[in-house]
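# Architecture at a glance
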Amino acid sequence: EAEVAQSPRYKITEKSQAVAFWCDPISGHATLYWYRQILGQGPELLVQFQDESVVDDSQLPKDRFSAERLKGVDSTLKIQPAELGDSAMYLCASRLSGADTQYFGPGTRLTVL
Amino acid sequence: GENVEQHPSTLSVQEGDSAVIKCTYSDSASNYFPWYKQELGKRPQLIIDIRSNVGEKKDQRIAVTLNKTAKHFSLHITETQPEDSAVYFCAASRDRGSTLGRLYFGRGTQLTVWP
């Protein structure tokens, strides 16, 4: 069964450094989401893509976060500079157009020291 | 935006007992309500979902009920087993069938099933 892939699985960085996360959605899924999950809480949407276009980035801290999906397939989420409060699990999810179910990747656990 | 509240935050049951997790939502336009199970260190996985035109849905030991008037929905797990131990998240979306499909999640319930 096809799954959403993410890398790296774990990332430790020092504050003020730049970090990048990668997501490869299930083949054919036009909609891609990046969520942030703080320990003990549910995932919260950061940004949503439909193909290569951003359709919702209202919760993305644009002063330090950026996201792209240049060819409408895989996606990269970047943080520069990282802050202590960015420590969290970053989850990617994808969805087939017209369907309801979002499929999640295994996430990237970010620790900022 | 939508606000989803989930209770309880932790739930311990004996193997074989039933477990119930409850969620409320604020946006009366929400029309899709999935439940995800997240085991430690693993990805969230959809276990059951319900749409606003249905009041109840069942899949083996798992059932979900929806009360649109009261704006709450619940997950019911019967005959619990130790492998049911995980964090369960409820979510709501008002964008079913649209391009968006944004999910608003509850804070999660840590379910522990004791053998």
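In short, a report on the structure. In this text the structure is predicted, and so the values were computed from the model without any measurement.

Here we take up the overall build of chain A. Helix and strand content of chain A: zero helices and 11 strands. The N-to-C order of helical and strand elements in chain A reads β-β-β-β-β-β-β-β-β-β-β. Over its C-alpha trace chain A gives a radius of gyration of 13 Å, about what one expects of a compact globule, namely 13 Å for 113 residues. Seen along its three principal axes, the alpha-carbon backbone of chain A occupies a region of about 40 × 25 × 20 Å.

Trp35(B), Phe73(B), Leu75(B) and Leu111(B) are the most contacted members of the largest nonpolar core, which has 23 residues in total. Sorting the residues of this core by element identifies strand 2 (10-14), strand 3 (19-25), strand 4 (32-38), strand 5 (45-51), strand 7 (62-67), strand 8 (72-77), strand 9 (86-92) and strand 11 (109-114) of chain B as the ones contributing at least two each. Listed in part, the 20 residues of the second largest apolar core include Cys23(A), Ile26(A), Leu32(A) and Cys92(A).

Moving on: the interface of chain B and chain A. Taken together, the contact pairs 21 residues of chain B with 26 residues of chain A. For the pairing of chain B and chain A, the buried interface totals around 1,900 Å² over both sides, and the portion due to carbon and sulfur atoms is 46%. Remark: the boundary between chain B and chain A carries three salt bridges. Here Arg51(B) ties to Asp100(A) by a salt bridge, and the two come within 2.7 Å at their closest N and O atoms. In this assembly, chain B and chain A are joined by eight residue pairs in polar contact (both at pLDDT 80 or more). Sorting the residues of the side of chain B that touches chain A by element identifies strand 4 and strand 5 of chain B as the ones contributing at least two each. Looking at the side of chain B that touches chain A, its residues break down into eight nonpolar, seven polar and six charged.

Attention now moves to the pairing of strand 2 of chain B. Residue and element names in this part refer to chain B. Because side chains alternate across strand 2, one face comprises the buried residues Leu11 and Val13, and the other comprises Thr10, Ser12 and Gln14, none of which is buried. Both strand 2 and strand 11 contribute to a ladder of five bridges, which runs parallel. Bridging across to strand 11, Val13 finds its partner in Val113.

Here we take up the pattern of salt bridges. Between side chains of opposite charge, a pair can form when the charged atoms approach closely. Considering all chains together, one arrives at 11 salt bridges over all chains under this definition. Residue Arg36(A) pairs with Asp86(A) through a salt bridge whose shortest N-O separation is 4.0 Å. In this pair, Arg36(A) sits in strand 4 (residues 31-37) while Asp86(A) sits in the loop between strand 8 (75-79) and strand 9 (88-95), placing the two residues 50 residues apart along the sequence. Across this residue pair, the class does not change: Arg36(A) and Asp86(A) are buried. One salt bridge connects Asp49(B) with Arg51(B), and the closest N-O pair in it is separated by 3.4 Å. What makes Arg51(B) partly exposed here is its relative accessible area of 21%.

So, how was this worked out
Residues numbered from 1 in each chain as written. Chains lettered and ligands numbered in written order. Predicted model: local features only at pLDDT ≥ 70, side-chain atom pairs only at ≥ 80, totals over all residues. Heavy atoms only, no water. Helix = DSSP H or I, 4+ residues; strand = E, 2+ residues; numbered from the N terminus. Rg over C-alpha atoms; globule rule 2.2 N^0.38 Å. Core = buried A, V, L, I, M, F, W, Y, C linked by side-chain atoms within 4.5 Å. Buried < 20%, exposed > 50% of the residue type's maximum accessible area, 1.4 Å probe, protein only. Contact = heavy atoms within 4.5 Å. Buried area = accessible area lost by both parts, 1.4 Å probe. Salt bridge = Lys/Arg side-chain N within 4 Å of Asp/Glu carboxyl O. Polar contact = N/O pair within 3.5 Å; in protein donor to acceptor, adjacent residues only side chain to side chain. Nonpolar A, V, L, I, M, F, W, Y, C, P; charged D, E, K, R; others polar. Pairing = 2+ DSSP bridges.

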